[in-house]
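Survey of secondary and tertiary structure
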Amino acid sequence: MRKHSFHRWLLTAVLVVFLSSSCTFASKKKEGKKKTKSKEVTYDGTSLIVNGKRELLFSGSIHYPRSTPEMWPSIIKRAKQGGLNTIQTYVFWNVHEPEQGKFNFSGRADLVKFIKLIEKNGMYVTLRLGPFIQAEWTHGGLPYWLREVPGIFFRTDNKQFKQHTERYVRMVLDKMKEEKLFASQGGPIILGQIENEYSAVQRAYKQDGVNYIKWGSKLVDSMNLGIPWVMCKQNDAPDPMINACNGRHCGDTFPGPNKDNKPSLWTENWTTQFRVFGDSPVKRSVEDIAFSVARFFSKNGSHVNYYMYHGGTNFGRTSAHYVTTRYYDDAPLDEYGLEKEPKYGHLKHLHNALNLCKKPLLWGQPRTEKPGKDTEIRYYEQPGTKSCAAFLANNNTEAAETIKFRGKEYVIAPRSISILPDCKTVVYNTAQIVSHHTSRNFMKSKKANKKFDFKVFTEPLPKKLEGNNYVPVELYGLTKDKSDYGWYTTSFKVHKKQLPKKKGAKTDLRIASLGHALHVWFNGKYLGNGHGSHDEKSFVFQKPVTLKAGENHLVMLGVLTGFPDSGSYLEHRYTGPRSVSILGLSSGTLDLTESSKWGNKVGMEGERLRIQTGKGLKKVKWEKFSGKAPGMTWYQTYFDAPESESAAAIRMSGMGKGLIWVNGEGVGRYWMSFLNPLNQSTQVEYHIPRSFLKPKKNLLVIFEEE
């Protein structure tokens, strides 16, 4: 976090209009099929079988809460035009049941509407039910209130967790059944997933982990919904669950189905790397993605899912700890739902090529030849027919290789696969891109950037809060996911004889924190801030302080950047300040952690009064912005909607860290001051969906910590 300045200049956040250079939609096609009779979904060692028909499935992850209902039709249509026939989504428990027994299936949480739009486009659906989803989503999708159920342990053979999970699972699946959304009812859902990458934590729970997986399998199987179920990264998935692969190169890393009668399914092919604040840009080339998919299908794969196909936005406070508001922006469809070229087009051409191979892949006999150290031929041939498809692979990363196949020579580019749907003609090579390239351009809006009339409200600094805790309260438990902020205050007396006797000797305040960030005031003066990172959450804040004989006052603000989303014993994960001491006294170190009483308060006064909304705005006294303001300040102004109907964003250059709202809708967390090794902010522009905006007088509220 950039060094705090008690008075700092507000560099005006610039609203920008986003203009796409992507291609326009192709001519309109039929919107999909009308609901017909039920479709039985079964499987064998080759593929899923839908209504008696084998399928090659090209799927993409699109998460309904990470975009708006107004965006869904365009995103789904573009996914279909990109050659997908299936959409995969998690189901987000903490979105649908944020408070125990109170359910939400409206707005961005309208799962039924989302699935029906997919069905309208003639596509299938894979429903990844959880209960735990990870997904770089706060708390891995588990609602906070679960942590406070007495005796609960998450994701293991625990009575309390299983009771709540079963109630939730049955509620969601019953809702899908009522809407006739399962394929067995004529709907689009052909595949389900229970749990998520459980093998990563299973050893921590020993036999209870094995029992839990068996219990989850029996639970969904007993509901007789007429669809198969998968468990990803779960090689010991109990029958009839299908074990599936997650990763970048499942054609090489996946050991295969654990039974001969199960197909090879790839549930997550990571199209890029998710971003966290403070990291450097990381991209995955489309050539590598295409190579991995071609290899997987050449080795008996019949289903691939791109995670993500459209990442979207972590609106409000929904991202997991340290994860950026923008999610998987380098996916084939970017954060705004626009085509990212050449990734989108090159994969579309791959799907077309694989579809030309469909008959031999699904009905042919596989054969393999190894003509050279770095070359390989895999082909499928249907005995007694002319049906044949071949994959010619060159694993040499530096040089092209010539492969002779059936009397003809083929030059294969370095580390690439050529696809021959008739075993004669190359129609696609994974390294040879014929798609056009596009770039994304932001243009400053004239309408939205008329002179801003900013007003400010600065949070009052608490002095002595109520509370008799003898240690600083754990921050997750203090905030209960109602706010990112938790205040801590304490007072302590120092006798004159304890003060340093040597002239020039210094005393330091030392705070050891488990994360995520911290602001500190001592005797009313701001000392500074500190923070951890996604990989190393713990940090130590240490600064010189001037002690006075008598009573001294310490104020700390613990700051969250989301709840953790992975690992075992998630319900026992802790964060916030843990150890507080004064160093350099003549009497030795003074430990304040347990020798003082701590007072606490959750959240900002502005949050309590909801001043980010039109109604709450009137509950505090706003001052005209003079050009300078301290940290912990709210800013509000109005702007007109940008020109055209293109996507809109706000550029936060010059700001520090905080939260953004437009017309009361949470745009997300920003953190400009956490610079990466390239001395750059990880995310600069923040998406404002058009559905958040009115034509005139849109309320912009920013809470700035620094």
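The name given to the protein in an unreviewed UniProt entry is Beta-galactosidase, with Raphanus sativus as the source organism. Listed under Subcellular location (unreviewed entry) in UniProt, the entry text for the protein is "Secreted, Extracellular space, Apoplast". Heading Catalytic activity (unreviewed entry) of the UniProt record for the protein holds this comment: "Hydrolysis of terminal non-reducing beta-D-galactose residues in beta-D-galactosides."

**Some details on the overall build of the protein**
Within the protein, the secondary structure is distributed over 11 helices and 39 strands. Over its C-alpha trace the protein gives a radius of gyration of 28 Å, about what one expects of a compact globule, namely 27 Å for 706 residues. C-alpha atoms of the protein, sized along the principal axes, occupy 100 × 60 × 55 Å. For the protein, the share of sequence-separated contacts (at least 6 apart) that also reach a separation of at least 24 residues comes to 73%. Carbon and sulfur atoms make up 50% of the accessible area of the protein, which amounts to about 28,900 Å² in all.

**A word on the UniProt feature "domain: Glycoside hydrolase 35 catalytic" (unreviewed entry) in the protein**
Look at the UniProt record and you will see "domain: Glycoside hydrolase 35 catalytic" (unreviewed entry) annotated at residues 47–353. Here residues 47–353 is 30% helix and 17% strand, with 18 Å between the C-alpha atoms at its ends.

**Here's the deal with the UniProt feature "domain: Beta-galactosidase beta-sandwich" (unreviewed entry) in the protein**
In the numbering adopted here, UniProt assigns the feature "domain: Beta-galactosidase beta-sandwich" (unreviewed entry) to residues 380–433. Taken as a whole, residues 380–433 contains 0% helix and 48% strand, while its terminal C-alpha atoms sit 25 Å from one another.

**Overview of the sheet that holds strand β20 (residues 428–429)**
If you trace the 5 strands from one edge of the open sheet to the other, you get β14-β15-β16-β19-β20, paired in antiparallel fashion. Every other strand in the sheet has two partners, leaving β14 (365–369) and β20 as the edge strands with one partner each. In this fold helix α7 (residues 286–298) packs onto β15 (375–381), β16 (388–394), β19 (416–420) and β20, with an angle of close to 55 degrees to the strand it touches most, β19.

**Side note on the packing of aromatic side chains**
Here the structure, examined in full by the defined rule, presents 41 aromatic pairs. Here Trp72 and Phe114 contribute two aromatic rings whose centre-to-centre distance is 5.2 Å and whose plane-to-plane angle is 70 degrees, an arrangement assigned as edge-to-face. In this pair, Trp72 is assigned in helix α1 (residues 72–81) and Phe114 in helix α3 (residues 111–120), connecting sequence segments 42 residues apart. Comparing Trp72 with Phe114 shows no difference in burial state: the two are buried. Measuring from ring centre to ring centre gives 6.2 Å for Phe296 and Phe297, while their planes differ by 80 degrees; the resulting arrangement is edge-to-face. Here the aromatic residues Phe153, Phe154, Phe161, Tyr198, Tyr205, Tyr212, Trp215 and Tyr569 are joined through ring pairs into a cluster of three or more.

**Some details on the state of the cysteines**
Each disulfide consists of one covalent bond between the sulfur atoms belonging to two cysteines. Taken as a whole, this structure holds 2 disulfides when the rule is applied. Residue Cys245 pairs covalently with Cys250 via a disulfide, S to S 2.0 Å. On the S-S bond that ties Cys245 to Cys250, the torsion sits near -85 degrees, and the link is left-handed. The same class applies to Cys245 as to Cys250, namely buried.

**Notes on the side chain of Gln193**
Mapped onto the secondary structure, Gln193 falls in strand β9 (residues 189–193). A polar side-chain atom of Gln193 sits 2.9 Å from a polar atom in the side chain of Arg128. In contact with Gln193, other than residues within four places in its own chain, are Tyr90, Leu127, Arg128, Leu129, Gly130, Trp229, Val230, Cys232 and Thr267.

**Concerning the confidence of the model for the protein**
If pLDDT is low for a region, its predicted coordinates should not be looked at in detail. On average, residues of the protein score 93 in pLDDT, and 95% of them reach the 70 mark or higher. Within the model, pLDDT remains below 50 along residues 1–34, and this stretch shows 116 contacts once partners closer than five positions in the same chain are excluded.

**Some thoughts on the packing of helix α4 (residues 159–178) against helix α5 (residues 202–221)**
The axes of two packed helices give the description: the angle between them and the distance between them. One way to put it is that α4 packs onto α5 with a least axis distance of 11 Å and a crossing angle of 25 degrees. Here α4 lies roughly parallel to α5, going by the angle between them. Handedness of the α4/α5 crossing: right-handed. In this structure, α4 contributes Phe161, Lys162, Thr165, Glu166, Val169, Arg170 and Leu173 to the contact, and α5 contributes Tyr212, Trp215, Leu219 and Val220.

**Details of α5**
Counted at 1.5 Å a residue, the expected span for α5 with its 20 residues is 28 Å, but the 21 Å between its end C-alpha atoms falls short. When α5 is considered as a whole, its buried residues turn out to be Gln202, Tyr205, Gly209, Tyr212, Ile213, Trp215, Gly216, Ser217, Leu219 and Val220.

**Regarding the packing of α1 against α3**
Packing of α1 against α3 brings their axes to within 10 Å, and their N-to-C directions diverge by 40 degrees. Between α1 and α3 lies a crossing whose hand is right-handed. Contacts between α1 and α3 involve Trp72, Pro73 and Ile76 from the first element and Lys113, Phe114, Leu117 and Ile118 from the second. Partitioning the contact of α1 with α3 into residue classes produces 6 nonpolar, no polar and 1 charged.

**Digging into the sheet that holds strand β23 (residues 485–494)**
Pairing is antiparallel across the open sheet formed by 5 strands, whose spatial order is β26-β25-β28-β23-β31. One side of each edge strand has no neighbouring strand; the edge strands of this open sheet are β26 (525–531) and β31 (599–602). Each neighbouring strand pair of the sheet contributes to a mean axis angle of 20 degrees, computed without reference to strand direction. Note: strand β25 (residues 517–522) against β26, 6 bridges, orientation antiparallel. Opposite Val520, over in β26, you have Gly528 as the bridge partner.

**Focus: the pairing of strand β28 (residues 550–559)**
Of all the 10 residues making up β28, 7 are buried; the element is thus mostly covered by neighbouring parts of the structure. Examined bridge by bridge, β23 and β28 share 10 bridges and lie antiparallel to one another. For Tyr485, the partnering residue across the bridge sits in β28 and is Val559. Sheet topology places β25 next to β28; 6 bridges connect them, and they run antiparallel. In the sheet register, Ala517 faces β28, and the bridge partner there is Val559.

**A few points about the environment of Asn261**
Locating Asn261 in the fold gives a position in the loop between α6 (250–253) and β12 (264–270). Look at Asn261 and you get partly exposed, because its relative accessible area is 44%. Spatially, the C-alpha atom of Asn261 lies 47 Å from that of Ser691, the residues being 430 residues apart in sequence. Residues in contact with Asn261, not counting those within four places in the same chain, are Tyr43, Asp44 and Gly45.

**Quick word on the pattern of salt bridges**
Considering all chains together, one arrives at 40 salt bridges under this definition. Among the ionic pairs, Asp330 bridges to Lys343, the shortest N-O distance being 3.1 Å. With a gap of 13 residues between them, Asp330 in the loop between β13 (301–310) and α8 (343–356) and Lys343 in helix α8 connect regions that are remote in the sequence. Judged by its relative accessible area of 12%, Asp330 falls in the buried class. Taking the shortest distance from any N to any O, the salt bridge between Arg406 and Glu381 comes out at 2.9 Å. With a gap of 25 residues between them, Arg406 in the loop between β17 (401–405) and β18 (408–412) and Glu381 in strand β15 connect regions that are remote in the sequence.

What counts and what doesn't
- Residues numbered from 1 in each chain as written.
- Predicted model: local features only at pLDDT ≥ 70, side-chain atom pairs only at ≥ 80, totals over all residues.
- Heavy atoms only, no water.
- UniProt positions renumbered as here; feature names shortened; annotations may be inferred.
- Helix = DSSP H or I, 4+ residues; strand = E, 2+ residues; numbered from the N terminus.
- Rg over C-alpha atoms; globule rule 2.2 N^0.38 Å.
- Contact = heavy atoms within 4.5 Å.
- Areas by Shrake-Rupley, 256 points an atom, 1.4 Å probe, with all protein chains shown as cover.
- Pairing = 2+ DSSP bridges.
- Axes fitted to C-alpha atoms, helices over the stretch in contact; angles between N-to-C directions.
- Phe/Tyr/Trp six-rings, centres within 6.5 Å; stacked < 30°, edge-to-face > 60°.
- Buried < 20%, exposed > 50% of the residue type's maximum accessible area, 1.4 Å probe, protein only.
- Disulfide = S-S within 2.5 Å.
- Polar contact = N/O pair within 3.5 Å; in protein donor to acceptor, adjacent residues only side chain to side chain.
- pLDDT = per-residue confidence, 0-100.
- Parallel < 35°, antiparallel > 145°, perpendicular 65-115°, else oblique.
- Left-handed = near helix turned anticlockwise from the far one by under 90°.
- Expected span 1.5 Å × (residues − 1).
- Nonpolar A, V, L, I, M, F, W, Y, C, P; charged D, E, K, R; others polar.
- Salt bridge = Lys/Arg side-chain N within 4 Å of Asp/Glu carboxyl O.

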